[in-house]
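Summary of the model geometry
Chain by chain, the residues:
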Amino acid sequence: MVDLQDCILSIANNGQLSLKPKYSVTEAAQILGLSAHTLRYYDSLNLFPFLQRDQHDKRFFSDADLQWAKLIECLRNANMSIKDVQHYIELCLQGDKTLNQRLNIISQQEQKLLDTMETLKKQIALLRFKKEYYENAKLKKDLDK
């Protein structure tokens, strides 16, 4: 199994993230803009492999855990299923031997988002056309009065 430092390098732009647990679930949720329920749910699915707990079994998030959560949310927002996120994280934990697999997963998700962006651009163009048509029709009607 890979260690946390290797995982940090894959989620931090500069590789410098604190491992010190310092945020409660509520605090982490506020920082991330997620619900505490979502963070607990992700944890129940073992999506936070390095999350630490105190003596009362309360979860505490480090800066590294917050970046990990951002990655999870990014993947989810890219329409990756929970099952696929779990698989991706399992691959991350296996270290460099899965680099090609992870690269393929990220590349596929990127392409899906690019395809979605193209679709959205076309939909926006159509809506703008219709908006302009209605604005011009309304203006013409107002002038005819």
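See the structure above.
It should be emphasised that the depicted structure is a prediction, and the values quoted were computed from it without experimental measurement.

Considering all chains together, one arrives at three aromatic pairs under this definition. Where Tyr-41 meets Tyr-42, the ring centres are 6.2 Å apart and the plane angle is 45°; that geometry is what we call tilted. A relative accessible area of 39% places Tyr-41 in the partly exposed class. For Tyr-42, a relative accessible area of 5% corresponds to the buried category. Between the aromatic rings of Tyr-133 and Tyr-134, the centroid separation amounts to 5.4 Å while the plane-to-plane angle is 70°, which identifies the pairing as edge-to-face. Taking relative accessible area as the criterion, Tyr-133 reaches 47% and is therefore assigned partly exposed.

Counted under the stated rule, the structure contains six salt bridges. Where Asp-43 meets Arg-53, a salt bridge forms, and the shortest distance between an N and an O atom there is 2.6 Å. Note that Asp-43 is positioned in helix 3 (residues 36-44) and Arg-53 in strand 1 (residues 52-53), a separation of ten residues in sequence. Of the residues examined, Asp-43 reaches a relative accessible area of 10% and is grouped as buried. Its relative accessible area of 39% is what places Arg-53 among the partly exposed residues. A salt bridge links Asp-57 to Arg-53, with the nearest nitrogen and oxygen atoms 3.8 Å apart. Among the ionic contacts, a cluster of salt bridges with common partners joins Asp-43, Arg-53, Asp-57 and Arg-59.

This part covers the nonpolar core. Leu-39, Leu-47, Phe-48, Phe-61, Ile-72, Val-85 and Ile-89 are the most contacted members of the largest nonpolar core, which totals 27 residues. Among residues more than four places away in sequence, those in contact with Phe-48 are Leu-39, Tyr-42, Asp-43, Phe-61, Asp-65, Trp-68, Ala-69 and Ile-72.

Further remarks concern the side chain of Arg-102. Tracing the sequence through the fold places Arg-102 in helix 6 (residues 99-144). Asp-96 provides the closest opposite charge to the buried, salt-bridge-free Arg-102, at an N-O distance of 4.6 Å.

A contiguous nonpolar patch, built from Leu-126, Phe-129, Tyr-133 and Tyr-134 and spanning about 490 Å² of accessible area, is present on the exposed surface. Position of Leu-126 among the secondary structure elements: in helix 6.

One non-glycine residue, Asn-46, lies in the positive phi region at around 65°. Among the structural elements, Asn-46 can be located in the loop between helix 3 and strand 1. Taking the relative accessible area as the measure of exposure, Asn-46 reaches 62% and is therefore exposed. Notably, Asn-79 is not glycine yet its phi reads approximately 70°, a positive angle. Of note, Asn-79 is situated in the loop between helix 4 (63-77) and helix 5 (82-93).

Attention shifts here to helix 3. Within helix 3, burial applies to Ala-36, Leu-39, Tyr-42 and Asp-43. Here the buried residues of helix 3 occupy an arc of 125° about the axis, which is enough to place them on one side. Buried residues belonging to helix 3 abut helix 2 (25-32), strand 1, strand 2 (59-60), helix 4 and helix 5. Following helix 3 by one or two positions, Asn-46 adopts a phi angle in the positive range, close to 65°.

Procedures and definitions
- Residues numbered from 1 in each chain as written.
- Predicted model: local features only at pLDDT ≥ 70, side-chain atom pairs only at ≥ 80, totals over all residues.
- Heavy atoms only, no water.
- Phe/Tyr/Trp six-rings, centres within 6.5 Å; stacked < 30°, edge-to-face > 60°.
- Buried < 20%, exposed > 50% of the residue type's maximum accessible area, 1.4 Å probe, protein only.
- Salt bridge = Lys/Arg side-chain N within 4 Å of Asp/Glu carboxyl O.
- Helix = DSSP H or I, 4+ residues; strand = E, 2+ residues; numbered from the N terminus.
- Core = buried A, V, L, I, M, F, W, Y, C linked by side-chain atoms within 4.5 Å.
- Contact = heavy atoms within 4.5 Å.
- Lys, Arg positive; Asp, Glu negative; His and termini not counted.
- Patch = residues over 30% accessible without salt bridge, like charges linked within 9 Å, V, L, I, M, F, W, Y side chains within 5 Å.
- Areas by Shrake-Rupley, 256 points an atom, 1.4 Å probe, with all protein chains shown as cover.
- Arc of directions from axis to C-beta.

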